[in-house]
Amino acid sequence: MQSFISLLPFFPLIGFLINGLGFRKIPKGLVGPIGIGAALLAFIGTVVAYNELQANGGQPIIISLFDWITVGSLNIPFAFQIDQLSILMLFVITGVGTLIHVYSMGYMSHDEGYGKFFAFLNLFLFSMLLLVMGNNYIVMFVGWEGVGLCSYLLIGFWNKNFNYGNAARKAFIMNRVGDLGFLIGIFLVIQNFGSVVYGDVFQKAASLEVGNSAVVAITFFFFIGAMGKSAQIPLYTWLPDAMAGPTPVSALIHAATMVTSGIYMIVRSNVLYTLAPGTLEFIAWIGVATALLAASIGMFQNDIKKVLAYSTVSQLGYMFIGLGVMAYTSGFFHVITHAFFKALLFLGAGSVIHAMSDEQDIRKMGGLWGKIKITAITFLIGTIAISGIPPFAGFFSKDEILAHTFAHNKLMWALALVGSFMTAFYMFRLFFVTFTGSFRGTHEQEHHVHESPASMTLPLIVLAALSVVGGFLGFPEVMHLPHTLNDFLSPIYEGSRTVNPEFGKLHIDHSTEWLLMGVSVAVAVVAILLARSKFAGGKNVPVADDEIMGFQQVVYNKYFVDEIYNKLFVNPIKQASVFFEKVLEPKGFDALVNGVGAGVVLISERVRRVQDGKITAYVFAMAIGIIIILGVNFGYDIIELLKRITTASK
Amino acid sequence: MLMLLLLLLPLIGGIALFLLKGISSSLAKNITLGVSLLTFLGGLLVYRQYQATPSLEIKYGWIPSLAINFHLGLDGISLLLVLLTTFLVPLIVLSTFRQTYANASVFYALILLTEVALIGVFTAKDIFLFYFFFEAALVPVYFLAAVWGGKNAASVTFKMFVYTIFGSLFLLVAIIYLYMQGQTANIQELAVTAKALPTTTQGLLFWAFLVAFAIKMPILPFHSWQPAAYSESPTPATMLLSGLLSKMGVYGLIRILLPLAPLGVSTYATFTMAFSIAGLIYGSVLAIQQNNIKRLIAYSSFAHVGLMAAGILTGNLSGLQGALIQMIAHAVNAVGLFFIVKIIYDRTGTRDLAALGGITQKTPALSIYFMVILLGSVALPLTNGFVGEFLLLKGIYDYNAWLGAIAGLTIILGAVYMLRLMQRSMFGESNEVTAKFEDVKGSEVAVLLPITLIVLAMGIFPNFFLQLTEPAAQTILDLIK
């Protein structure tokens, strides 16, 4: 069975090769089934791997393919590790991935790049599977950069459009900034542990003291990597722009899977992070800041995908708050539930855009509730789930994060609560403006509005169901129901428990826990009611761009962060490039060389009275001379002569 | 003996082509391709021989009274570079198949003679022989560039020639000095001599060697000949220069500088690394706003060799092995990229990014080749560039964390200019210049396909290359300890 598990990532790779190399040659009817089949096989492989893991008594399964890079004593194997953490990621990736492949068959059916699209989606799955299946940091890095490439290719999928190309480039480059941090972290791991294999590193780390400075540095640099991939301050601005890609891409890569890689990386390295409370505190605050900043921007966006994009950034912030307060499982729990409801919301948005003939501005929608019923209902389910209303999925994971945050730091908890107020508000604003009131589009659009085909609505229904029940993976302790996720993931925290005996214990009493739950639900309900009173039934429609005033304008323009980055980094580098080319090269380095040449000429003229002054020709002749002399075996005399001179001078 | 054949085949081919001056261009092409392919076959046979007996040597008296010998030998490092040379020359020849050059037989003769000199440099065990080939390699390339180059080629390449010869004079002086100290011209034996020299002397030797090799590569501040020379030369000459001749400089650092001035290296390495890394950043920034694609890739080459130099000077195994695999990777990628530039230029008549765009819509095949080679040069994992850059950056980081972190900026800046190149040339709307762009076929595929496959193969199975060079690299490091 192990050989079948080792094939797992290669199913999508083969799908990529077939659809990629056969682009425009393979009949369209086959393209979708090949792409979906590859994803489905990976899903089946995951089920097999799960059974194998259970049969193995929960002990990690290591599958070595070959030695990849060996230098001296450092050996980097190309090897996989199946354990509780990777198997959960595998389920999310291949499960949601397969659904989105199915959805794409409908959504992309009229696109001329249909085959290319499926090829890239498969390539993404391959990379993402490597990322979570690797048994060492380098294989993780392979997947890490691989998903970055796929993200680049898919954001720029419609690369005829120059702005889309820019968005793709921005994503890749900003991720590379993070990747440099990741890479430095890896170098430090090698220096300190002599290996990059998880098993070796974590075993050695488990004997270190909390606060070990090398580990603090490693965790900090790893987190820089996570900031890039998981769109945290200051490396988040690429994600909203990434919405240039086709909507299934936004759902799969920029909501459900790739952007959660940073969380995966930290949970994977939990021993190291438990050893570095300073880094954790930093992570938690970055998470809070990102959650609030992105949520505040989300409240004023009018592009349906932009709202969801900022929402994703904000929700990722919540996951990092969870990690930062050492509630790794809670953060990871939110990864899972978020994958369900955010994929659902994006695919729902895609269905809306599809129905609206590619319109994305919610000010030009309205009243869609009755016209596209399945989309509307499933979208509502997703909206409720993200807002944290029990018993939908988002409630459980978010509540768990908030409870741990409360135990850690009350101020942090209060701020996180403000964020969840904003979340419920902007999501219901989005829902009411889009689906209620009267239709505000053109006649042509109105005539054209239709529910999407089954290939699109089926994934919506499945994801909606998961968004309802997904939270049952982890009930709060006070409910006296099992926390399946906690129990399942427990083995991966072995090291964390060793270095910190207090790990995994939540110190709040039951009445407080009930109270916290009540407060967060109340906050969400108030936000929803507020959104309803303002936007339901088309009472208010967000104003046109030029009527946005004052501070709102600042928020609407995303606090001008992109502009600031341009001023601080992009423009200076461009100017430097031009300056180097126009000034420093000709007037600096080249002039230096010419100056030396001229100087030599001058000196030689004075000293040796060389008349023609062409030192260059002189040297040229000399060089040819040397070659000939050496070549034709006359070197003897010269060398003998030099020899005599030096012996004489001694 | 087989090793000698590697020199003789292209030498005889080259001389024959010189003599057959009047033959048609296509005949000259085919002869050259045949000879260079045979030489590649010879390279593979040598590899097989090497596997059986890992120390191949041939030695004839050259100037016996002075103990200067025609002494060739192969260790893993030499072998890898010989394989690289013999692999790339046929591709460079193939890259000219859709074009007709005036005086074709002379043109191709010069390519083959360059190959002779390169193989000589990479196999010489006698320091004078090394010097001879090191200088000789430049002559045919100089004529290729000056005679068949662009309108400024003559003056630009003359500058290159003088500049590099200038550097070589230092090399010559240092060699003669060492020779007289050691009374031997054998590089390995000279290492023993050099080790015993006082620090100041070794310091002087270090600078003499460094200047010669730094100009050839080139690294900051000795680079000013390079962008113009690369962009003015005809593409085959540019490929030879960037792919292979620049590697002579890198090779010199490994084979000559490290063992023959060890104390100089430990004294001045940090300072020199700072310069080469500064060059890496400088070259990358220069490439960012560059619109002439040939120049853009020239700057990128300049940046890449800076990283290799820094890696070698770390004197640790990771840096050295990284430099070695990156030499191969960069050579292959540079040839591929310059060829794509040529394809674009041949079809559109321009190398200006501002005038291009939308090519990808017409060219699925070219797009794939371009993308893979480009990913190789931005060091994406599972391509050849990653292994080299990873090991180089690790080596430099181990040597000095600050230098390592700054050198690491290459992974960001490289992506900036390379993706810009991709976007402005291949993506976007097509225009009247690019609307009728024809996809690659025939001989073009024959060049791009092997390169693309090597980019991936080296990225997926780098250990084949790393294991080939590790014993030799370790030997050199042991010498300087």
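Participant: An account of the overall build of chain B is requested, with residue identities and associated values reported.
Facilitator: Helices and strands together make up the secondary structure of chain B, namely 20 helices and two strands. Here the C-alpha atoms of chain B give a radius of gyration of 21 Å, agreeing with the 23 Å that 2.2 N^0.38 yields for 481 residues. Projecting the C-alpha coordinates of chain B onto the three principal axes gives extents of approximately 65 × 55 × 45 Å. Expressed as a percentage of the 481 residues in chain B, the buried residues total 69%.

Participant: Requested: an account of a nonpolar patch on the surface, with residues and values cited.
Facilitator: All names here are of chain B. A cluster of nonpolar side chains, namely Leu 8, Leu 11, Ile 12, Ile 15, Phe 18 and Leu 19, defines an oily patch on the protein surface of about 540 Å² accessible area. Structurally, Ile 15 is set in helix α1 (residues 2-19). A residue is classified by how much of its surface remains accessible, and Ile 15, at 42% relative accessible area, is partly exposed.

Participant: Which residues make up the packing of aromatic side chains, and what values do they have?
Facilitator: Considering all chains together, one arrives at 80 aromatic pairs over all chains under this definition. Centroid distance Trp144(A) to Phe182(A): 4.9 Å. Interplanar angle 75°. Geometry classified as edge-to-face. Of this pair, Trp144(A) sits in helix α6 (residues 137-155) while Phe182(A) sits in helix α7 (residues 162-193), and the two are 38 residues apart along the sequence. You can call Phe182(A) buried: its relative accessible area is 0%. With centroids separated by 5.5 Å and ring planes inclined at 85°, the aromatic side chains of Phe166(B) and Phe170(B) adopt a geometry described as edge-to-face. Within this pair, Phe166(B) and its partner Phe170(B) are both found in helix α7 (residues 153-182), separated by four residues, close to a single helical turn. Accessibility expressed as a relative area gives 35% for Phe166(B), which makes it partly exposed. Above the plane of the ring of Tyr114(A) lies Lys28(A), whose end atom (NZ or CZ) is 4.9 Å from the centre. One residue, Arg351(B), lies across the ring of Tyr345(B), its end atom 3.9 Å from the ring centre.

Participant: Provide a residue-level description of the confidence of the model for chain A, including the pertinent values.
Facilitator: In low-pLDDT segments, the atomic positions of the prediction should not be examined closely. When pLDDT is averaged along chain A, the result is 90, and 92% of the positions lie at 70 or above. Here helix α27 (residues 615-631) of chain A stands out as the least confident element of chain A, with mean pLDDT 55; helix α12 (residues 261-268) of chain A is the most confident, with 97.

Participant: How would you summarise the interface of chain A and chain B if you had to cite specific residues and measurements?
Facilitator: Taken residue by residue, the interface counts 70 residues in chain A and 80 residues in chain B. When the two sides are added together, the surface that chain A and chain B hide from each other amounts to roughly 6,700 Å², 74% of it contributed by carbon and sulfur. Linking chain A to chain B there are one salt bridge. Here Arg295(B) makes a salt bridge to Glu581(A), at a shortest N to O gap of 3.6 Å. Taken together, the connections running from chain A to chain B amount to 20 residue pairs in polar contact (both at pLDDT 80 or more). If one sorts the elements of the side of chain A that touches chain B by residue count, α7(A) sits on top with 17 residues.

Participant: Explain the environment of Lys204(A) to me, and be specific about the residues and the numbers.
Facilitator: Inspection of the secondary structure puts Lys204(A) in helix α8 (residues 198-205). Separated by eleven residues in sequence, Lys204(A) and Phe193(A) have C-alpha atoms that sit 7.0 Å apart.

Participant: Help me get a handle on the nonpolar core, residues and values and all.
Facilitator: Counting residues in each nonpolar core, the largest one holds 434 residues, and the members touching the most others are Tyr137(A), Tyr152(A), Ile186(A), Phe222(A), Phe209(B) and Phe390(B). Among the elements that make up this core, the one with the highest residue count is helix α14 (residues 317-348) of chain B (19 residues). In contact with Phe209(B), not counting residues within four places along its chain, are Leu171(B), Ala174(B), Ile175(B), Leu178(B), Ile256(B), Leu257(B), Leu260(B) and Ala261(B).

Participant: I'd like a rundown of the confidence of the model for chain B, residues and numbers included.
Facilitator: The predicted model of chain B averages 93 in pLDDT, with 100% of residues at 70 or higher. Among the prediction metrics, the complex's ipTM stands at 0.95, with pTM recorded as 0.93.

Participant: Before we move on, can you summarise the pairing of strand β1 (residues 56-63) of chain B with the specific residues and values?
Facilitator: Residue and element names in this part refer to chain B. Where β1 meets strand β2 (residues 68-74), seven bridges bridge the pair, whose relative direction is antiparallel. Paired with Gly 61 across the strands is Asn 69, a residue of β2. Hairpin remark: β1 followed by β2, antiparallel, with four residues in the connecting loop; positive phi at Ala 67, about 60°.

Participant: How would you explain helix α17 (residues 373-387) of chain A if you had to name every residue and give the values?
Facilitator: All names here are of chain A. Its 15 residues place the ends of α17 21 Å apart at the C-alpha level, agreeing with the 21 Å of an ideal helix rising 1.5 Å per residue. Among the 15 residues in α17, eleven count as buried, and that is most of the element. Those residues of α17 that are buried lie in contact with α15 (304-324), α16 (328-355), α18 (393-408), α19 (410-435), α21 (454-469) and α24 (510-535). Downstream of α17 by a residue or two, Gly 388 has a phi angle that is positive, lying close to 85°.

Participant: Can you lay out unusual backbone geometry for me, pointing to particular residues and giving the numbers?
Facilitator: Across the junction of Pro390(A) and Pro391(A), the peptide omega takes the value 0°, indicating a cis bond. Within the secondary structure, Pro391(A) is located in the loop between α17 and α18. The omega torsion across Leu220(B) and Pro221(B) is 0°, close enough to zero to call that bond cis. Along the polypeptide, Pro221(B) turns up in the loop between α9 (199-216) and α10 (226-232). Positive phi is not limited to glycine here, since Ser357(A) has a value of about 50°. Tracing the sequence through the fold places Ser357(A) in the loop between α16 and α17. We note that Phe560(A) has phi near 55°; this positive angle belongs to a residue other than glycine. In this fold, Phe560(A) is placed in the loop between α25 (550-556) and α26 (561-608).

Procedures and definitions
- Residue indices begin from 1 for each chain and proceed along its sequence in written order.
- Here every chain gets a letter starting at A, and every ligand a number starting at 1, in the order they are written.
- In keeping with the predicted nature of the model, local features appear solely for residues at pLDDT of at least 70, side-chain atom pairs appear and are counted solely at 80 or more, and the whole-chain, interface and lining totals rest on all residues.
- Values reported for side chains reflect all heavy atoms of the structure, with hydrogen atoms and water molecules removed beforehand.
- Only DSSP runs of H or I with at least four residues qualify as helices, and only runs of E with at least two residues qualify as strands; both kinds are numbered from the N terminus onward.
- What the globule rule says is 2.2 Å times the number of residues to the power 0.38, and the radius of gyration is computed from C-alpha atoms.
- Three exposure classes are used, based on accessible area relative to the maximum for each residue type with a 1.4 Å probe and protein chains only: buried under 20%, partly exposed in between, and exposed over 50%.
- Like charges are joined within 9 Å and nonpolar side chains (Val, Leu, Ile, Met, Phe, Trp, Tyr) within 5 Å, but only among residues with over 30% relative accessible area and no salt bridge; these make up the patches.
- Computed with the Shrake-Rupley method and a 1.4 Å probe, the accessible areas treat only the protein chains shown as cover for residues.
- Whenever Lys or Arg places a side-chain nitrogen within 4 Å of a carboxyl oxygen from Asp or Glu, that contact is recorded as a salt bridge.
- Each pair of aromatic rings taken from Phe, Tyr and Trp, with Trp reduced to its six-membered ring, is defined by centres within 6.5 Å and is described as stacked if the planes are under 30 degrees apart, edge-to-face if over 60, and tilted in the remaining cases.
- Here, a charge over a ring means that NZ of Lys or CZ of Arg falls within 6 Å of the ring centre while also lying within 35 degrees of the ring normal.
- pLDDT gives the predictor's per-residue confidence on a scale running from 0 to 100.
- Any pair of residues with heavy atoms lying within 4.5 Å of one another is described as a contacting pair.
- The term buried area means the drop in 1.4 Å probe accessible area that two parts suffer when joined, counted for both and summed.
- By the criterion applied in these results, polar contacts are pairs of N or O atoms within 3.5 Å in which, for protein atoms, one can donate a hydrogen and the other can accept it, and in which residues neighboring in sequence qualify only through two side-chain atoms.
- Nine residue types can take part in a nonpolar core, namely buried Ala, Val, Leu, Ile, Met, Phe, Trp, Tyr and Cys, and a core is a set of them joined through side-chain atoms within 4.5 Å.
- Between any two strands, pairing holds if DSSP finds at least two bridges.
- Expected span of a helix: the number of residues minus one, times 1.5 Å.

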